[in-house]
Amino acid sequence: MSVKIIDAELGEALFRYLNGTSETLPEKLKTKEGLARAIAYLQKQYGYSPSKVIEMLKARKHQLQQKEKTIAVETSIQPQQTVVSQEKQIEEPRVAEQSETEKQGKVFNLFTWGSCRYGSLKAYYPRYVNFEAWTRREGTHETEIPGVCKIRYTNNDSHKNMHRYVEIVDIYSPMVIRYYGNSSCSHSFEEVYIVAKRDGKIVYEEPEVKTESVVEERGKYRVTLEKRYVELDGKKVYIDEREVEKEVIPEKLKVTLKKQNDKIIAVGDTFHVKEKLKALGFKWDPLESAWYITSGDIETLKTKLEEKLGDTGIQIEIQQ
(Lines give C-alpha, C1' and ligand atoms only; values in the text may rest on other atoms or scores of the structure.)
Protein backbone atom coordinates (compact mmCIF):
# COMPACT_ATOMS: atom_id res chain seq x y z
CA MET A 1 0.00 0.00 0.00
CA SER A 2 1.46 3.37 -1.03
CA VAL A 3 1.87 6.03 1.63
CA LYS A 4 1.17 9.64 0.71
CA ILE A 5 3.98 12.00 1.70
CA ILE A 6 2.69 15.15 3.36
CA ASP A 7 4.47 18.51 3.34
CA ALA A 8 2.83 20.95 5.78
CA GLU A 9 4.84 23.98 4.62
CA LEU A 10 3.91 23.46 0.97
CA GLY A 11 0.34 22.64 1.99
CA GLU A 12 -0.09 25.92 3.89
CA ALA A 13 1.49 27.85 1.01
CA LEU A 14 -1.01 26.29 -1.39
CA PHE A 15 -3.84 27.01 1.04
CA ARG A 16 -2.88 30.71 1.22
CA TYR A 17 -2.77 30.86 -2.57
CA LEU A 18 -6.19 29.26 -2.93
CA ASN A 19 -7.95 31.49 -0.38
CA GLY A 20 -6.57 34.68 -1.91
CA THR A 21 -4.06 35.78 0.75
CA SER A 22 -1.14 35.01 -1.59
CA GLU A 23 -0.74 35.51 -5.34
CA THR A 24 2.40 33.46 -5.90
CA LEU A 25 3.33 29.81 -5.53
CA PRO A 26 6.70 28.53 -4.30
CA GLU A 27 8.80 26.91 -7.00
CA LYS A 28 8.43 23.50 -5.33
CA LEU A 29 4.67 23.69 -5.80
CA LYS A 30 5.17 23.94 -9.56
CA THR A 31 6.50 20.39 -9.60
CA LYS A 32 4.27 17.31 -9.62
CA GLU A 33 5.91 15.92 -6.48
CA GLY A 34 5.57 19.17 -4.54
CA LEU A 35 1.94 19.65 -5.60
CA ALA A 36 1.10 16.06 -4.67
CA ARG A 37 2.57 16.53 -1.18
CA ALA A 38 0.66 19.79 -0.70
CA ILE A 39 -2.60 18.22 -1.86
CA ALA A 40 -2.07 15.31 0.54
CA TYR A 41 -1.69 17.84 3.36
CA LEU A 42 -4.88 19.70 2.37
CA GLN A 43 -6.76 16.41 2.21
CA LYS A 44 -5.69 15.45 5.73
CA GLN A 45 -5.89 18.91 7.33
CA TYR A 46 -8.94 20.42 5.61
CA GLY A 47 -10.72 17.49 4.01
CA TYR A 48 -10.12 18.59 0.39
CA SER A 49 -10.20 15.90 -2.22
CA PRO A 50 -7.55 16.11 -4.99
CA SER A 51 -10.26 16.88 -7.57
CA LYS A 52 -11.55 19.77 -5.42
CA VAL A 53 -8.04 21.24 -5.15
CA ILE A 54 -7.67 21.11 -8.94
CA GLU A 55 -11.01 22.94 -9.34
CA MET A 56 -9.90 25.57 -6.83
CA LEU A 57 -6.61 26.04 -8.69
CA LYS A 58 -8.50 26.66 -11.93
CA ALA A 59 -10.82 29.15 -10.24
CA ARG A 60 -7.90 30.97 -8.63
CA LYS A 61 -6.08 31.14 -11.96
CA HIS A 62 -9.20 32.67 -13.53
CA GLN A 63 -9.38 35.24 -10.72
CA LEU A 64 -5.76 36.31 -11.21
CA GLN A 65 -6.22 36.51 -14.98
CA GLN A 66 -9.17 38.86 -14.46
CA LYS A 67 -7.03 40.98 -12.14
CA GLU A 68 -4.27 41.17 -14.74
CA LYS A 69 -6.79 42.33 -17.33
CA THR A 70 -7.93 45.09 -14.98
CA ILE A 71 -4.34 46.26 -14.47
CA ALA A 72 -3.74 46.17 -18.22
CA VAL A 73 -6.84 48.30 -18.87
CA GLU A 74 -5.84 50.86 -16.23
CA THR A 75 -2.26 51.00 -17.56
CA SER A 76 -3.42 51.54 -21.14
CA ILE A 77 -5.69 54.39 -20.06
CA GLN A 78 -2.96 56.38 -18.28
CA PRO A 79 -0.85 57.28 -21.37
CA GLN A 80 -4.00 58.34 -23.21
CA GLN A 81 -4.81 60.83 -20.45
CA THR A 82 -1.52 62.68 -20.99
CA VAL A 83 -2.33 63.47 -24.61
CA VAL A 84 -5.91 64.58 -24.07
CA SER A 85 -6.17 68.28 -24.85
CA GLN A 86 -6.99 70.76 -22.12
CA GLU A 87 -10.10 71.78 -24.03
CA LYS A 88 -11.44 68.19 -24.03
CA GLN A 89 -10.70 67.85 -20.33
CA ILE A 90 -12.88 70.86 -19.69
CA GLU A 91 -15.68 69.55 -21.89
CA GLU A 92 -15.51 65.99 -20.55
CA PRO A 93 -14.14 66.14 -16.98
CA ARG A 94 -15.63 62.73 -16.11
CA VAL A 95 -13.42 60.78 -18.56
CA ALA A 96 -10.26 61.27 -16.50
CA GLU A 97 -12.17 60.76 -13.26
CA GLN A 98 -13.54 57.40 -14.39
CA SER A 99 -10.13 56.11 -15.42
CA GLU A 100 -8.88 56.68 -11.88
CA THR A 101 -11.85 55.26 -9.97
CA GLU A 102 -13.40 52.59 -12.18
CA LYS A 103 -12.35 48.97 -12.49
CA GLN A 104 -13.65 46.09 -14.55
CA GLY A 105 -13.78 42.32 -14.28
CA LYS A 106 -13.54 41.85 -10.51
CA VAL A 107 -13.76 38.42 -8.89
CA PHE A 108 -14.44 38.38 -5.15
CA ASN A 109 -13.04 35.67 -2.89
CA LEU A 110 -15.48 34.65 -0.13
CA PHE A 111 -13.61 32.62 2.46
CA THR A 112 -13.17 31.58 6.06
CA TRP A 113 -9.92 30.30 7.47
CA GLY A 114 -9.35 29.48 11.12
CA SER A 115 -10.89 31.60 13.86
CA CYS A 116 -10.33 35.11 12.51
CA ARG A 117 -9.74 35.18 8.75
CA TYR A 118 -12.69 35.70 6.43
CA GLY A 119 -13.89 37.52 3.33
CA SER A 120 -17.53 38.62 2.93
CA LEU A 121 -19.48 40.29 0.12
CA LYS A 122 -22.76 42.16 0.62
CA ALA A 123 -24.96 44.47 -1.42
CA TYR A 124 -26.86 47.36 0.18
CA TYR A 125 -28.60 48.80 -2.87
CA PRO A 126 -31.03 48.32 -4.62
CA ARG A 127 -31.66 45.91 -1.72
CA TYR A 128 -29.67 44.04 0.90
CA VAL A 129 -28.04 40.84 -0.36
CA ASN A 130 -25.66 38.52 1.46
CA PHE A 131 -23.87 36.73 -1.38
CA GLU A 132 -22.98 33.79 0.87
CA ALA A 133 -26.66 32.79 0.85
CA TRP A 134 -26.70 32.70 -2.98
CA THR A 135 -23.51 30.68 -3.51
CA ARG A 136 -24.03 27.56 -1.40
CA ARG A 137 -24.20 24.97 -4.20
CA GLU A 138 -20.92 23.18 -4.82
CA GLY A 139 -19.26 23.63 -8.20
CA THR A 140 -19.49 26.44 -10.77
CA HIS A 141 -22.88 28.01 -11.52
CA GLU A 142 -24.64 31.10 -12.80
CA THR A 143 -27.61 32.36 -10.82
CA GLU A 144 -29.91 35.34 -10.88
CA ILE A 145 -30.65 37.41 -7.78
CA PRO A 146 -34.10 38.82 -8.63
CA GLY A 147 -34.16 42.55 -9.20
CA VAL A 148 -30.47 42.93 -8.38
CA CYS A 149 -27.96 41.13 -10.58
CA LYS A 150 -26.75 37.92 -12.18
CA ILE A 151 -23.62 36.26 -10.79
CA ARG A 152 -21.21 33.49 -11.73
CA TYR A 153 -19.64 31.67 -8.82
CA THR A 154 -17.45 28.71 -7.92
CA ASN A 155 -18.01 26.99 -4.57
CA ASN A 156 -15.07 24.90 -3.33
CA ASP A 157 -16.06 24.76 0.34
CA SER A 158 -14.41 22.17 2.56
CA HIS A 159 -16.05 20.68 5.64
CA LYS A 160 -14.17 23.26 7.73
CA ASN A 161 -13.94 26.41 5.65
CA MET A 162 -15.69 28.43 2.97
CA HIS A 163 -13.88 29.00 -0.35
CA ARG A 164 -15.89 30.70 -3.08
CA TYR A 165 -15.25 33.00 -6.03
CA VAL A 166 -18.02 35.38 -7.11
CA GLU A 167 -18.20 37.50 -10.25
CA ILE A 168 -21.05 39.89 -11.11
CA VAL A 169 -21.84 39.31 -14.78
CA ASP A 170 -24.93 41.51 -15.20
CA ILE A 171 -26.89 44.12 -13.21
CA TYR A 172 -30.42 45.51 -13.54
CA SER A 173 -29.74 48.84 -11.82
CA PRO A 174 -26.75 50.47 -10.09
CA MET A 175 -25.58 48.59 -7.00
CA VAL A 176 -23.70 49.47 -3.83
CA ILE A 177 -21.56 46.59 -2.58
CA ARG A 178 -19.01 46.08 0.18
CA TYR A 179 -16.26 43.46 0.20
CA TYR A 180 -14.57 43.19 3.59
CA GLY A 181 -12.99 40.88 6.13
CA ASN A 182 -9.69 39.94 7.78
CA SER A 183 -6.75 38.72 5.72
CA SER A 184 -5.01 37.88 8.99
CA CYS A 185 -5.80 38.11 12.69
CA SER A 186 -4.24 41.58 12.80
CA HIS A 187 -5.09 43.00 9.36
CA SER A 188 -8.53 43.81 7.99
CA PHE A 189 -9.55 44.95 4.52
CA GLU A 190 -12.52 46.73 2.98
CA GLU A 191 -13.54 47.67 -0.54
CA VAL A 192 -16.73 49.66 -1.27
CA TYR A 193 -18.00 50.00 -4.83
CA ILE A 194 -20.81 51.48 -6.83
CA VAL A 195 -21.39 48.92 -9.56
CA ALA A 196 -22.69 50.35 -12.82
CA LYS A 197 -23.09 49.29 -16.43
CA ARG A 198 -21.55 51.44 -19.16
CA ASP A 199 -21.26 50.51 -22.82
CA GLY A 200 -22.45 47.04 -21.94
CA LYS A 201 -19.64 46.48 -19.42
CA ILE A 202 -19.76 46.14 -15.65
CA VAL A 203 -17.61 48.81 -13.99
CA TYR A 204 -16.71 49.34 -10.35
CA GLU A 205 -16.42 52.90 -9.11
CA GLU A 206 -14.90 53.63 -5.71
CA PRO A 207 -17.08 56.27 -4.02
CA GLU A 208 -16.26 58.42 -1.02
CA VAL A 209 -17.43 56.74 2.18
CA LYS A 210 -18.90 59.33 4.54
CA THR A 211 -19.76 59.16 8.24
CA GLU A 212 -22.55 60.73 10.26
CA SER A 213 -23.60 60.57 13.92
CA VAL A 214 -27.22 59.64 14.61
CA VAL A 215 -29.17 59.33 17.86
CA GLU A 216 -31.98 56.75 17.85
CA GLU A 217 -34.39 55.37 20.41
CA ARG A 218 -34.29 51.59 20.51
CA GLY A 219 -36.70 50.16 23.04
CA LYS A 220 -35.69 51.41 26.47
CA TYR A 221 -32.41 52.88 25.28
CA ARG A 222 -31.17 56.02 23.54
CA VAL A 223 -28.35 54.96 21.27
CA THR A 224 -25.73 57.12 19.56
CA LEU A 225 -24.60 55.51 16.32
CA GLU A 226 -21.81 56.24 13.91
CA LYS A 227 -23.22 55.37 10.49
CA ARG A 228 -21.21 55.07 7.28
CA TYR A 229 -22.77 55.63 3.90
CA VAL A 230 -22.17 56.43 0.24
CA GLU A 231 -24.24 58.69 -1.95
CA LEU A 232 -25.96 57.32 -5.05
CA ASP A 233 -28.25 59.49 -7.16
CA GLY A 234 -28.68 61.91 -4.28
CA LYS A 235 -29.60 59.17 -1.78
CA LYS A 236 -27.69 57.96 1.25
CA VAL A 237 -26.99 54.25 1.12
CA TYR A 238 -25.89 53.03 4.55
CA ILE A 239 -23.30 50.26 4.58
CA ASP A 240 -22.64 49.77 8.31
CA GLU A 241 -23.00 51.31 11.75
CA ARG A 242 -21.14 51.33 15.06
CA GLU A 243 -22.61 51.91 18.50
CA VAL A 244 -20.79 54.81 20.18
CA GLU A 245 -22.94 55.37 23.27
CA LYS A 246 -25.96 53.75 24.88
CA GLU A 247 -28.02 55.17 27.73
CA VAL A 248 -31.25 54.08 29.35
CA ILE A 249 -34.40 56.20 28.99
CA PRO A 250 -35.81 56.35 32.54
CA GLU A 251 -39.33 57.29 31.39
CA LYS A 252 -39.55 53.94 29.60
CA LEU A 253 -38.67 51.90 32.69
CA LYS A 254 -41.33 50.35 34.90
CA VAL A 255 -41.14 48.41 38.18
CA THR A 256 -44.16 46.42 39.38
CA LEU A 257 -44.83 45.53 43.02
CA LYS A 258 -47.16 42.63 43.75
CA LYS A 259 -48.09 40.31 46.60
CA GLN A 260 -47.11 36.68 46.32
CA ASN A 261 -48.11 34.48 49.27
CA ASP A 262 -46.38 35.98 52.31
CA LYS A 263 -43.98 38.14 50.26
CA ILE A 264 -44.03 41.34 48.26
CA ILE A 265 -42.00 41.00 45.08
CA ALA A 266 -40.65 43.57 42.65
CA VAL A 267 -40.43 42.66 38.95
CA GLY A 268 -39.83 44.50 35.69
CA ASP A 269 -36.89 46.84 35.10
CA THR A 270 -35.47 46.22 38.56
CA PHE A 271 -31.82 46.16 37.43
CA HIS A 272 -31.80 49.95 37.23
CA VAL A 273 -33.25 50.39 40.77
CA LYS A 274 -31.68 47.45 42.59
CA GLU A 275 -29.67 49.65 44.98
CA LYS A 276 -32.88 51.47 45.99
CA LEU A 277 -34.62 48.13 46.55
CA LYS A 278 -31.73 46.89 48.70
CA ALA A 279 -31.98 50.07 50.80
CA LEU A 280 -35.64 49.26 51.47
CA GLY A 281 -34.78 45.72 52.63
CA PHE A 282 -35.49 43.77 49.42
CA LYS A 283 -33.47 40.63 48.71
CA TRP A 284 -32.76 38.84 45.42
CA ASP A 285 -34.39 35.45 44.75
CA PRO A 286 -32.40 33.74 41.97
CA LEU A 287 -35.02 31.02 41.53
CA GLU A 288 -37.83 33.50 40.92
CA SER A 289 -35.56 36.07 39.27
CA ALA A 290 -37.20 38.74 41.39
CA TRP A 291 -36.56 40.98 44.39
CA TYR A 292 -38.67 40.27 47.46
CA ILE A 293 -39.39 41.44 50.99
CA THR A 294 -41.34 39.60 53.69
CA SER A 295 -42.52 42.56 55.74
CA GLY A 296 -44.16 45.93 55.16
CA ASP A 297 -47.20 47.38 53.45
CA ILE A 298 -47.19 47.41 49.64
CA GLU A 299 -48.57 50.96 49.40
CA THR A 300 -45.97 52.22 51.88
CA LEU A 301 -43.18 50.45 49.96
CA LYS A 302 -44.36 52.05 46.70
CA THR A 303 -44.28 55.51 48.28
CA LYS A 304 -40.82 55.00 49.78
CA LEU A 305 -39.42 53.69 46.50
CA GLU A 306 -40.83 56.68 44.59
CA GLU A 307 -39.22 59.02 47.14
CA LYS A 308 -35.84 57.37 46.71
CA LEU A 309 -36.09 57.54 42.92
CA GLY A 310 -37.07 61.20 42.99
CA ASP A 311 -37.94 62.72 39.61
CA THR A 312 -36.04 60.16 37.51
CA GLY A 313 -39.22 59.33 35.60
CA ILE A 314 -39.16 55.61 36.38
CA GLN A 315 -42.71 54.29 36.80
CA ILE A 316 -43.72 52.34 39.92
CA GLU A 317 -47.03 50.48 39.92
CA ILE A 318 -48.88 48.00 42.09
CA GLN A 319 -50.37 44.88 40.56
CA GLN A 320 -53.48 43.75 42.44
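Conventions adopted
Residues numbered from 1 in each chain as written. Predicted model: local features only at pLDDT ≥ 70, side-chain atom pairs only at ≥ 80, totals over all residues. Heavy atoms only, no water. Core = buried A, V, L, I, M, F, W, Y, C linked by side-chain atoms within 4.5 Å. Buried < 20%, exposed > 50% of the residue type's maximum accessible area, 1.4 Å probe, protein only. Helix = DSSP H or I, 4+ residues; strand = E, 2+ residues; numbered from the N terminus. Expected span 1.5 Å × (residues − 1). pLDDT = per-residue confidence, 0-100. Contact = heavy atoms within 4.5 Å.

K.L.:
Tell me about the nonpolar core, and please be specific about residues and values.
P.N.:
F131, C149, M175 and I177 are the most contacted members of the largest nonpolar core, which has 24 residues in total. Those elements that provide at least two residues to this core are β2 (108-113), β3 (117-125), β6 (149-155), β7 (163-171), β8 (175-184), β9 (187-198) and β10 (201-205).

K.L.:
Got a sec to walk through unusual backbone geometry? Specific residues and values, please.
P.N.:
Looking along the chain, the bond that leaves Y125 and enters P126 is cis, with omega of 10 degrees. Relative to the elements of secondary structure, P126 occurs in the loop between β3 and β4 (129-130). Even without being glycine, N261 reaches a positive phi, approximately 55 degrees. Structurally, N261 can be placed in the loop between β14 (254-260) and β15 (263-268). The residue S289 is not glycine, and still its phi comes out positive at about 55 degrees. With respect to the helices and strands, S289 occurs in the loop between β16 (283-285) and β17 (290-293).

K.L.:
Before we move on, could you go through helix α2 (residues 32-46) and cite the residues and values that matter?
P.N.:
The end-to-end C-alpha distance of α2 is 20 Å, a good match for the 21 Å that 15 residues give at a rise of 1.5 Å each. Positioned one or two residues after α2, G47 has a phi angle of 80 degrees, which is positive.

K.L.:
How would you summarise the confidence of the model for the protein if you had to cite specific residues and measurements?
P.N.:
Residues of the protein with pLDDT of at least 70 account for 87%, and the chain-wide mean is 86. Within the protein, β4 carries the highest mean pLDDT (97), whereas helix α5 (residues 93-101) carries the lowest (38). Note on residues 79-101: pLDDT under 50 across the span, and 13 contacts to partners over four residues away in sequence or across chains.

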